[in-house]
Amino acid sequence: MKALEEKILAQGKGIYPDIIQVGNFINHQVDPAFMNEIGEDIAKEFAKETITKVVTIESSGIAPALMCAYKLGVPLIILKKKASRNLSPNVTRTEVTSFTKGDVYDLSIADGLIDENDHVLIVDDFLANGEAGTGAIRLIRKCHATIAGFAALVEKSFQPGRQKITDQGVKVYALARVSEITPDGTIKFL
Ligand code: G4P
């Protein structure tokens, strides 16, 4: 998506060798009109699939995933990283190790939200090493649903995430594919 590449170049910041800061419009401050365009773009890409639910991983994936779910006319489900007394105690969990953040967390979903009748689209902000996506795939498959694809706003193509997700038989769609961050912080696209 040309508009996302332009926005990354204009408002994002590359931190050599592997970090892209997009806090101005994705991770911290959110640009609603732009998220709307992004949601539309992802919904168009998967228009031929009969998607029943969109799934994201809290927190930065929520904004684009919500807009996409709205365009598709289906519910959004947010996979949780923290246990909460406010949610159902009956949950399905899987452990995720984030290489980018250097931490381990449990992803969970309340039982009954997704089942074997669902065809799910996963939407997240970044695809880096693909651990969060792999955790989401594991969780959705534990619920016996099928997966239409994994959409990421920004793919760091110099990291193994895309390969890891496609190796699991899941289509990857990335709106901006970053090939390199140069030592002076220049962000290059594939
Ligand atoms: P990982 O195994 O290295 O964690 O890779 P993965 O593809 O699972 O990374 C997804 C998580 O890492 C996301 O956070 C994403 O926001 C964050 N991330 C990875 N690379 C970058 C980067 O270059 N810039 C920014 N801004 N974020 C990056 P998350 O687990 O979904 O948490 P949250 O930040 O959305 O709460």
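In the block above lies the structure referred to throughout.
Remember, predicted model here, so these are calculated numbers, not experimental data.

Caption draft 1: Representation of helix 5 (residues 131–142) within the structure. Between its terminal C-alpha atoms helix 5 stretches 16 Å, which fits the 16 Å expected from 12 residues at 1.5 Å a residue. By the burial criterion, the buried members of helix 5 are Glu 131, Gly 133, Thr 134, Gly 135, Ala 136, Ile 137, Leu 139 and Ile 140.

Caption draft 2: Quick peek at the sheet that holds strand 7 (residues 119–127). With respect to topology, six strands assemble into an open sheet ordered 4-3-7-8-9-10, the strand pairing being mixed. Each having just a single partner strand, strand 4 (76–79) and strand 10 (187–189) make up the two edges of the open sheet. Across the sheet, the axes of successive neighbouring strands diverge by a mean angle of 30°, strand direction being ignored. The sheet contact formed by strand 7 and strand 8 (residues 146–156) spans eight bridges and is parallel. Opposite Asp 124, over in strand 8, you have Ala 152 as the bridge partner. Its contacts with the sheet put helix 1 (residues 2–11) on strand 8, strand 9 (172–181) and strand 10, and the angle it makes with strand 10 is roughly 165°.

Caption draft 3: Molecular detail of the pattern of salt bridges. The tally for this structure, following the rule as stated, stands at eight salt bridges. Here Lys 7 makes a salt bridge to Asp 31, at a shortest N to O gap of 2.7 Å. Of the two residues, Lys 7 sits in helix 1 while Asp 31 sits in the loop between helix 2 (23–27) and helix 3 (32–45), which places them 24 residues apart along the sequence. Using a relative accessible area of 14% as the deciding quantity, one classes Lys 7 as buried. Arg 162 is the partner of Glu 155 in a salt bridge, and the nearest nitrogen-oxygen pair spans 2.7 Å. One connected set of salt bridges, linked through shared partners, spans Glu 155, Arg 162 and Arg 177.

Each value, and the rule that gives it
Residues numbered from 1 in each chain as written. Predicted model: local features only at pLDDT ≥ 70, side-chain atom pairs only at ≥ 80, totals over all residues. Heavy atoms only, no water. Helix = DSSP H or I, 4+ residues; strand = E, 2+ residues; numbered from the N terminus. Expected span 1.5 Å × (residues − 1). Buried < 20%, exposed > 50% of the residue type's maximum accessible area, 1.4 Å probe, protein only. Pairing = 2+ DSSP bridges. Axes fitted to C-alpha atoms, helices over the stretch in contact; angles between N-to-C directions. Contact = heavy atoms within 4.5 Å. Salt bridge = Lys/Arg side-chain N within 4 Å of Asp/Glu carboxyl O.

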